[in-house]
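What the coordinates show
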Amino acid sequence: MLPENLAISVTDVLNYHQKREKVFVSARTYSAITLRLKTPGKYTCKNKTISFEPGSICIIPAGVAYERNNLEEDILVVHFHMFNYIMEEIQVYKVPDAEKYKVLFTKALSIKYENDIGSTYRITSVVYEILSELTRDVGYTADLKDNRILESAEYMRQNFWNSELSIENLAMQACVSPAYYRREFKRVYGTSPKDYLDTLRIQYAKSLLETGYFSQKEIAWRCGYTDVDYFRTAFKRKIGKSIKAYLSDTTRYNY
């Protein structure tokens, strides 16, 4: 389940009509949370099939390509970015009171249509309320016994810019072996600690690149990379395109 302190930025709210179809969806730059009210279906991702029933909340993380097989239905969906949590697989949660979530999703959609000043903040507040109800209904990662991993991830989020931060040092701080640390970190967060750290650094690098104020070498240093070539490689591996291509796309979309 998601951590209780998840940080998000909402980009859109939609009432989307899905046809009865089997369709491949390529990896996207944003995550999505949707409410399935009436019909069952399934996602296939990384050779794994995840079924959903009516009355389910589905979270589809950024960067995940999948195949969707569903019946015709109108669905409510929120697109958003996650900043302090890495999810690598689609998550489906059967909730006990789907109507409660329908009210919240509909409220977020209504605020979008009002288009008043401050509407983005109000929509984000509603989405946090959705996540709050979800943690009440199905739990969250803070219920896990080993809080040392949670504390270590928080330390990583606060200190990712430090080039001396290493998995070995983090394991030592948590008073566990590196092997145990890697295994438990992946159990809690669904990804390796190195990938988590790289994601934090690259997310920050994107915000610095978009300002146009800093050279790539300085951004690498500010994000905890001592080698600018390694930074460029890590960026392309994580984003799927070079820094030059990313900046070109960003400029075009924001024009």
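What counts, and at which threshold
- Residues numbered from 1 in each chain as written.
- Predicted model: local features only at pLDDT ≥ 70, side-chain atom pairs only at ≥ 80, totals over all residues.
- Heavy atoms only, no water.
- Helix = DSSP H or I, 4+ residues; strand = E, 2+ residues; numbered from the N terminus.
- Rg over C-alpha atoms; globule rule 2.2 N^0.38 Å.
- Buried < 20%, exposed > 50% of the residue type's maximum accessible area, 1.4 Å probe, protein only.
- Contact = heavy atoms within 4.5 Å.
- Areas by Shrake-Rupley, 256 points an atom, 1.4 Å probe, with all protein chains shown as cover.
- Lys, Arg positive; Asp, Glu negative; His and termini not counted.
- Charge placed at Lys NZ, Arg CZ, Asp CG, Glu CD.
- Phe/Tyr/Trp six-rings, centres within 6.5 Å; stacked < 30°, edge-to-face > 60°.
- Lys NZ or Arg CZ within 6 Å of the ring centre and 35° of its normal.
- Expected span 1.5 Å × (residues − 1).
- Arc of directions from axis to C-beta.
- Polar contact = N/O pair within 3.5 Å; in protein donor to acceptor, adjacent residues only side chain to side chain.
- Pairing = 2+ DSSP bridges.
- Axes fitted to C-alpha atoms, helices over the stretch in contact; angles between N-to-C directions.
- Salt bridge = Lys/Arg side-chain N within 4 Å of Asp/Glu carboxyl O.
- Core = buried A, V, L, I, M, F, W, Y, C linked by side-chain atoms within 4.5 Å.

Check the secondary structure of the chain and you find 9 helices and 9 strands. For 255 residues, the compact-globule formula gives about 18 Å, and the C-alpha radius of gyration of the chain, at 19 Å, lands near that figure. Dimensions of the chain along its principal axes, counting C-alpha atoms only, are 50 × 50 × 40 Å. Out of the 255 residues in the chain, the part that is buried amounts to 43%. Long-range contacts, defined as pairs at least 24 residues apart, comprise 75% of the intrachain contacts of the chain with a sequence gap of at least 6. Entry remark: accessible area of the chain is about 14000 Å², with carbon and sulfur atoms responsible for 51%. Once the 36 positive and 31 negative side-chain charges of the chain are each reduced to a mean point, those two points are 5 Å apart.

Attention now goes to the packing of aromatic side chains. Taken as a whole and judged by the stated rule, the model has 10 aromatic pairs. The interplanar angle of 75 degrees and the centroid separation of 5.2 Å between the aromatic rings of Phe-185 and Tyr-196 together place this pair among those described as edge-to-face. Here Tyr-196 lies in helix H6 (residues 193-211) and Phe-185 lies in helix H5 (residues 178-189), a separation of 11 residues in the sequence. Summarising the burial analysis for this pair, Phe-185 and Tyr-196 share the class buried. Plain terms: the ring middles of Phe-235 and Tyr-246 are 5.5 Å apart, the flat faces sit at 70 degrees to each other, and that makes the pair edge-to-face. Of this pair, Phe-235 sits in helix H8 (residues 228-239) while Tyr-246 is found in helix H9 (residues 243-253), placing the two residues 11 residues apart along the sequence. Across the pair, exposure class does not vary: Phe-235 and Tyr-246 are buried alike. Stacked on the ring of Tyr-225, the Lys or Arg Arg-201 has its end atom at 5.4 Å from the ring centre.

Between its terminal C-alpha atoms H8 stretches 16 Å, which fits the 16 Å expected from 12 residues at 1.5 Å a residue. Buried within H8 are the following residues: Phe-231, Ala-234 and Phe-235. Axial view of H8: buried residues confined to an arc of 105 degrees, hence all on one face. The backbone nitrogen of Asp-229 has a side-chain oxygen 2.8 Å away, supplied by the residue at the start of H8, namely Asp-227.

Moving on, we get to the sheet that holds strand E1 (residues 8-18). The strand order across the open sheet formed by 5 strands is E1-E8-E3-E6-E9, and the pairing between neighbours is antiparallel. Whereas interior strands pair on both sides, the edge strands pair on one side only; in this sheet they are E1 and strand E9 (91-94). For this sheet, the mean angle separating the axes of adjacent strands, direction not counted, is 20 degrees. Pairing of E1 with strand E8 (residues 73-82) involves 10 bridges; the strand directions are antiparallel. When the bridges of E8 are listed, Leu-14 appears paired with Val-77.

Strand order in the open sheet formed by 4 strands is E2-E7-E4-E5, and the pairing between neighbours is antiparallel. Each having just a single partner strand, strand E2 (21-25) and strand E5 (48-52) make up the two edges of the open sheet. Taking the axes of each pair of neighbouring strands and ignoring which way they run, one obtains an average angle of 20 degrees across the sheet. Note that strand E4 (residues 41-45) and strand E7 (residues 66-70) share 4 bridges and pair antiparallel. Its bridge partner being in E7, Tyr-43 is matched across the sheet by Arg-68.

What follows concerns the pattern of salt bridges. Scanning the entire structure with this criterion turns up 14 salt bridges. In this structure, Lys-112 engages Asp-12 in a salt bridge whose closest nitrogen and oxygen atoms are separated by 2.9 Å. Separated by 100 residues along the polypeptide, Lys-112 in helix H1 (residues 98-114) and Asp-12 in strand E1 bring together distant segments of the chain. Residues participating in the shared-partner salt-bridge network are Lys-100, Glu-133 and Asp-137.

Before going further, it helps to spend a moment on the nonpolar core. Ile-33, Ile-57, Phe-105, Met-156, Tyr-181 and Tyr-189 are the most contacted members of the largest nonpolar core, which has 48 residues in total. With 7 residues, H1 is the largest single contributor of residues to this core. Ignoring anything within four residues of it in the chain, the contact list for Ile-33 reads Ile-57, Cys-58, Ile-59, Leu-76, Val-77, Val-78, Phe-80, Phe-105, Ile-130 and Leu-131.

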